[in-house]
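# Summary of structural features
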Amino acid sequence: MAKVELSKIMKKYDGADDYTIFETDLVIKDKEFMILVGPSGCGKSTTLRMIAGLEEITSGEIKIGSRVVNDVPPKERDIAMVFQNYALYPHMNVYDNMSFGLKLRKYSKTEIEKRVIDAAKILGIEDLLGRKPKELSGGQRQRVALGRAIVRHPHVFLMDEPLSNLDAKLRVHMRAEIIKLHQRLETTMIYVTHDQVEAMTMGDRIAIFNLGVIQQVGNPQEIYKYPANIFVAGFIGSPAMNFFKGKLIKEDKKIKFSGESIEFILTSEQGEKLSSYDKPEITIGIRPENMFLEDFSKVPSTSDNTIKAVVDVIEPMGNEYFLCMKIEDKSFTIRVDGDAKPELNELINLIISRDTVRFFDSETENLII
């Protein structure tokens, strides 16, 4: 297996005004499952293709293991790639699809058969080896594409949105299958997705891209609790984090946030850390699950952490509700227990879990605390 290192990677296409990838540094550890995630056009797939050698880099350095691979052809990088569209040969059966790459590399017939059978057992497709791709379901085709990569015994697996063509139920199942596959193979995997749920549930660590720049790298819980900036905070989480702009006001020995129709007293720890903040505006972020209906609150209700809001829209989600709340012209979303029975246009007390509130610099949009 191998570590992958990107150092000051830049990518600019001929005729383009701006860089697609700008000064990207990233280290993927040996045997790590790294997720590259971000909105469409953010540069994550381009980064993966540069690692694979399918795109030339404009400047910088890519290392796989101890070897710099900038000028190494894709077939000599010891990587295997799984594509979004499976890329199976329609005229070949499953066995031939899985073995084709090994035949090109002149492996013996015995070795090819052993590798294909071993991979088929891992993926549970032993009984499909004689079928053509058109006779397979989407999930089965995806397993074949994975099997074709596994037989190579590569140092690094690269996966470019491999589940995006599957239906929701099968996508959830295949997520679990790929996680188990990584645990069994103990190999380095780099996985591209635009789906932040996939990113949060699958990766050891996540690299979040936006506009060709990595915004944050960390484990899922770290990124969820302490997003590096407003973009990350809004991108990770469903429903998204709620943002309120306002200012900090010192009252006696306390500090109050006041803005966009919401006010609350900061905790003593927050107040201490923000005591020297002197800019005219600050932005706070509150996750939907950290604002509670008063009767279902997980934190005590006090005058310091209670606000009033109107229920504007109710979205039943089975075991929970998403409530779109309004305070004057400001809308935001909260997540509440399915046992709650809110009514449309009801004015209710909301309790803020103040310890979970994140504070961002309104100018730089970076996390303060």
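Look above for the structure.
Below is a short write-up of the structure. (Residues numbered from 1 in each chain as written. Predicted model: local features only at pLDDT ≥ 70, side-chain atom pairs only at ≥ 80, totals over all residues. Heavy atoms only, no water.)

Turning to helix H5 (residues 168-185), a few remarks are in order. A rise of 1.5 Å per residue sets the reference length of H5, with its 18 residues, at 26 Å; its end C-alpha atoms lie 26 Å apart and thus fit the reference within 8%. Where H5 is concerned, the buried positions are Met174, Arg175, Ile178, Leu181 and His182. Taken around the axis of H5, the buried residues stretch over an arc of 130 degrees, which confines them to a single face. In H5, those exposed residues whose orientation departs by more than 90 degrees from the buried face are Lys169, Gln183 and Arg184. As for H5, its buried residues are in contact with strand E3 (33-37), helix H3 (109-123), helix H4 (138-150), strand E7 (156-160), strand E8 (188-193) and helix H6 (196-202). The distance from a side-chain oxygen at the start of H5 to the backbone nitrogen of Lys169 is 3.2 Å, and the residue carrying that oxygen is Asp167. (Helix = DSSP H or I, 4+ residues; strand = E, 2+ residues; numbered from the N terminus. Expected span 1.5 Å × (residues − 1). Buried < 20%, exposed > 50% of the residue type's maximum accessible area, 1.4 Å probe, protein only. Arc of directions from axis to C-beta. Contact = heavy atoms within 4.5 Å. Polar contact = N/O pair within 3.5 Å; in protein donor to acceptor, adjacent residues only side chain to side chain.)

Okay, the sheet that holds strand E10 (residues 213-218) next. As summarised here, the arrangement of the six strands in space is E6-E7-E8-E3-E9-E10, forming an open sheet in which the pairing is mixed. The open sheet has two edge strands, strand E6 (79-82) and E10, and neither has a second partner. Here the strands of the sheet are splayed against their neighbours by 15 degrees on average, with no regard to which way each runs. Both E7 and E8 contribute to a ladder of five bridges, which runs parallel. In the strand pairing of E8, Asp160 is matched with Val192. Together, E6 and E7 form the strand contacts of H4, whose direction differs from that of E6 by roughly 175 degrees. (Pairing = 2+ DSSP bridges. Axes fitted to C-alpha atoms, helices over the stretch in contact; angles between N-to-C directions.)

Across the six residues that make up strand E9 (residues 205-210), a large majority, six, are buried. On E9, burial covers both faces: Arg205, Ala207 and Phe209 on one face and Ile206, Ile208 and Asn210 on the other are all buried. Pairing geometry for E3 and E9, over four bridges, is parallel. Directly across from Val37, in E9, lies its bridge partner Ile208. Summarising the sheet, E9 and E10 pair through five bridges and their orientation is antiparallel. Across the sheet, residue Ile208 finds its bridge partner in E10, namely Gln216. Connecting the antiparallel pair E9 and E10 is a turn made up of two residues, with Leu211 showing a positive phi of about 55 degrees.

Looking at the element boundaries, Ser297 is found in the loop between strand E15 (291-293) and strand E16 (306-316). Given a relative accessible area of 24%, Ser297 falls into the partly exposed group. Expressed as a C-alpha distance, the spacing of Ser297 and Ile352, which sit 55 residues apart in the sequence, is 8.9 Å. Look past the residues within four positions of Ser297 in its chain and what remains in contact with it is Phe292 and Ile351.

This paragraph deals with the sheet that holds strand E12 (residues 254-259). On the basis of which strands lie adjacent, the open sheet formed by five strands has the order E13-E12-E11-E14-E20 and antiparallel pairing. Lying at the two open borders of the sheet, with one neighbouring strand each, are strand E13 (262-265) and strand E20 (358-361). In this sheet, neighbouring strand axes are inclined to one another by 35 degrees on average, regardless of whether the strands run parallel or antiparallel. Where E12 and E13 come together, four bridges link them in antiparallel fashion. Its bridge partner lying in E13, Phe257 is registered against Phe264.

What follows is about the packing of aromatic side chains. Under the counting rule described, the total for this entry stands at seven aromatic pairs. With centroids separated by 5.4 Å and ring planes inclined at 65 degrees, the aromatic side chains of Phe244 and Phe332 adopt a geometry described as edge-to-face. Of this pair, Phe244 sits in strand E11 (residues 242-251) while Phe332 sits in strand E18 (residues 330-337), and the two are 88 residues apart along the sequence. The pair Phe244 / Phe332 is uniform in exposure class, with both members buried. The ring of Tyr19 carries Lys12 above its face, with NZ or CZ at 5.3 Å from the centroid. Sitting over the ring of Phe244, Lys330 keeps its end group 5.2 Å from the ring centre. (Phe/Tyr/Trp six-rings, centres within 6.5 Å; stacked < 30°, edge-to-face > 60°. Lys NZ or Arg CZ within 6 Å of the ring centre and 35° of its normal.)

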